[in-house]
Amino acid sequence: MNKSAIGKEYPHVTYELTKKMILKYSEVVEDPNPYFNDEEAEALYAPHTLIGAYTLLLVPHIVADEELDMDVSKSVIHTHQIYEWKRPARAGDVLTIRGRIADIQSKGEYETITFEGDIIDQDGEQVVVARSTLKIG
Amino acid sequence: MQLSDIEKGLELPPVSHLVTKRNILRYGGMVGAFNPEHEDDDFAEDVGFDEIFAHGIMHLNYVTQMLCDFAGHPERVKKIDIEFGIPVYPDDVVTARGIIKETRQEGKILHITCEVWSENQDGDRVTDNGIAELELGEDWVKS
């Protein structure tokens, strides 16, 4: 990968967090907490990892980034994750992902890349801060 | 159990899940995963794995499920910092575990730092060296 891509920001991606997305996510990760499953409740909350999973919406931008030159024909594994939740996301939130490359390192046989993302709500407030490191090769 | 009962060394009730191939495939489909390691057994073998394996964030939810079950409300789970260990394959049973390392009362809020990890049926860690932060209010009770 090209280290000059460190600091690069990707186009912001915005999506509405729907009840359907939350209910399906809770079902697939088998999290029975009523806060994540009761669609009749005043607020339907997103399981804590959901927002992180949807940062994968940025992946097509990253894979297509010729400057970064990331080889996804190799093994790509997630090695480290930090999430700071400022508040739980809820159905109806309109969330914007602001992602950037925080670091790239060569470790001989493999490389690592670290992404940082802020997830911002419809009022411009931070919902989650995420930092994800992947090992490639 | 009340707030005053929470102290260093207390173990969080663990959470276990049987990971199915179907759920791994559904997880990738939900977010439009790009990574064939989670979808295509042949590709996964070619790059050095036994077969497809679960997305890290998918089984990380077992850890956050444990934290949220203990904390009682999604708002009380504030942070996690964790490493991924060996891959989680279809039919693995993953158990999330945690132990309280530190508590700090600040006004009406009890700040809790937990060590968290998860392991498969062989006791091998699939997440490790996790630190999680919870904030519990004075109304916290656990049955």
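Whatever comes next refers back to the structure up there.
Because the structure is predicted, anything quoted here is derived from the model rather than measured.

With 60 residues, the main nonpolar core has Ile51(A), Val63(B), Met66(B), Leu67(B) and Leu134(B) as its most contacted residues. For this core, the leading source of residues is helix α3 (residues 56–71) of chain B, giving 10 residues. Contact partners of Met66(B), with chain neighbours within four places excluded, come to Leu12(B), Pro14(B), Val15(B), Ala96(B) and Gly98(B). Among the nonpolar cores identified, the runner-up in size contains six residues, and Ile62(A), Leu68(A), Met70(A) and Ile113(A) belong to it.

Before going further, it helps to examine the sheet that holds strand β4 (residues 109–119) of chain B. Read from one edge to the other, the open sheet built from 10 strands follows the order β1(A)-β3(A)-β4(A)-β5(A)-β2(A)-β2(B)-β5(B)-β4(B)-β3(B)-β1(B), with strand pairing classed as antiparallel. Each end of this open sheet is capped by a strand with a single partner; those strands are β1 (13–16) of chain A together with β1 (15–18) of chain B. Geometrically, the sheet is characterised by an average inter-axis angle of 20 degrees between neighbouring strands, direction not taken into account. As paired elements, β4(B) and strand β5 (residues 125–136) of chain B share nine bridges and run antiparallel to each other. Paired with Cys114(B) across the two strands is Ala132(B), which belongs to β5(B). Across the sheet, α3(B) is in contact with β2 (76–85) of chain A together with β1, β2 (77–84), β3 (93–106), β4 and β5 of chain B; its angle to β2(B) comes to roughly 145 degrees.

Attention now goes to the pairing of β4(B). Residues and elements named next belong to chain B. Pairing between β3 and β4: 11 bridges, direction antiparallel. Across the sheet, residue Ile-99 finds its bridge partner in β4, namely Glu-115. Count of turn residues in the β3/β4 antiparallel hairpin: two residues, of which Gly-107 carries a positive phi of about 65 degrees. What sits between β4 and β5 in their antiparallel hairpin is a turn of five residues, with Gly-123 showing a positive phi close to 85 degrees.

Mapped onto the fold, Ile80(B) is located in strand β2. We classify Ile80(B) as buried; it has 24 C-beta atoms within 10 Å. Through-space distance from the C-alpha of Ile80(B) to that of Leu67(B) is 9.8 Å; in sequence the pair is 13 residues apart. Ignoring sequence-local partners within four residues, the contact set of Ile80(B) consists of Tyr83(A), Val63(B), Thr64(B), Gly130(B) and Ala132(B).

Procedures and definitions
Residues numbered from 1 in each chain as written. Chains lettered and ligands numbered in written order. Predicted model: local features only at pLDDT ≥ 70, side-chain atom pairs only at ≥ 80, totals over all residues. Core = buried A, V, L, I, M, F, W, Y, C linked by C-beta atoms within 7 Å. Buried ≥ 20, exposed ≤ 12 C-beta atoms within 10 Å, placed from the backbone. Helix = DSSP H or I, 4+ residues; strand = E, 2+ residues; numbered from the N terminus. Contact = placed C-beta atoms within 7 Å. Pairing = 2+ DSSP bridges. Axes fitted to C-alpha atoms, helices over the stretch in contact; angles between N-to-C directions.

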